[in-house]
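So the chains spell out like this:
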Amino acid sequence: MKAMLEEALMPSQLEIHDESARHRHHAHARSAQQEARGPGQVGETHYRLHIVSRHFDGMKPVERHRLVHQLLAAEFESGLHALSLTLKGEISA
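These figures come from a predicted structure and were not determined experimentally.

Q: Which residues make up the overall build of the protein, and what values do they have?
A: Helix and strand content of the protein: four helices and three strands. Taken from the N to the C terminus, the helices and strands of the protein come in the order α-β-α-β-α-α-β. When burial is assessed residue by residue, the protein has 31% of its 93 residues classed as buried. Considering only contacts within the protein whose residues lie at least 6 apart along the sequence, 71% involve residues at least 24 apart.

Below you can see the structure in the form of structure tokens.
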């Protein structure tokens with residue numbers, strides 16, 4: 001996730017916090033979707049991201065969110081369940 005976001009957005013700030021442990025009791029945490037990620041990634045389903053990037057300059061917040069969700073589409077297909085996003089352009093940071 002980190003390498004892909006860095007390559008696509010060239011952020012000046014990138015913070016990734018895995019909050020999956022706080023949600024391990026949720027039903028989806030025990031689902032087949034989780035198993036599809038493999039034993040090395042079991043439980044990695046909830047993340048909080050803080051990204052500052054020039055790429056976001058001039059974009060509306062919803063456009064920034066859509067872009068990040070598009071970039072992480074493969075992660076969502078393989079078990080990522082939720083993102084909490086703080087996305088800022090360089091000008092607004």
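Q: Give a detailed account of the nonpolar core, specifying residues and quantitative values.
A: In this structure, L9, L49, I51, F56, V68 and L83 are the most contacted members of the largest nonpolar core, which totals 13 residues. Of all the secondary structure elements, the ones that give two or more residues to this core are α1 (2-9), β2 (46-52), α3 (61-71) and β3 (82-88). Not counting residues within four places of it along the chain, the set of residues in contact with L9 comprises I51, S53, H55, F56, L67, V68 and L71.

Q: I'd like a description of the pattern of salt bridges, backed by residues and values.
A: Scanning the model with the defined rule gives one salt bridge in all. With a closest N to O distance of 2.7 Å, E19 and R48 form a salt bridge. With E19 in the loop between β1 (13-18) and α2 (32-35) and R48 in strand β2, this pair connects stretches of sequence that are 29 residues apart. By relative accessible area, E19 is classed as buried at 15%.

Q: Please give an account of the sheet that holds β2 that cites residues and values.
A: By definition, the strands of a sheet pair up through backbone hydrogen bonds, in either a parallel or an antiparallel sense. Spatially, the three strands line up as an open sheet ordered β1-β2-β3, and their pairing is mixed. If you trace the sheet from one side to the other, it starts and ends with β1 and β3, each paired once. Neighbour-to-neighbour, the strand axes of this sheet turn through a mean angle of 10°, independent of strand direction. The pairing of β2 with β3 spans seven bridges and is parallel. Note that in β3 the partner of H50 across the bridge is T86. Its contacts with the sheet put α1 on β1 and β2, and the angle it makes with β1 is roughly 155°.

Quick notes on the rules
- Residues numbered from 1 in each chain as written.
- Predicted model: local features only at pLDDT ≥ 70, side-chain atom pairs only at ≥ 80, totals over all residues.
- Heavy atoms only, no water.
- Helix = DSSP H or I, 4+ residues; strand = E, 2+ residues; numbered from the N terminus.
- Buried < 20%, exposed > 50% of the residue type's maximum accessible area, 1.4 Å probe, protein only.
- Contact = heavy atoms within 4.5 Å.
- Core = buried A, V, L, I, M, F, W, Y, C linked by side-chain atoms within 4.5 Å.
- Salt bridge = Lys/Arg side-chain N within 4 Å of Asp/Glu carboxyl O.
- Pairing = 2+ DSSP bridges.
- Axes fitted to C-alpha atoms, helices over the stretch in contact; angles between N-to-C directions.

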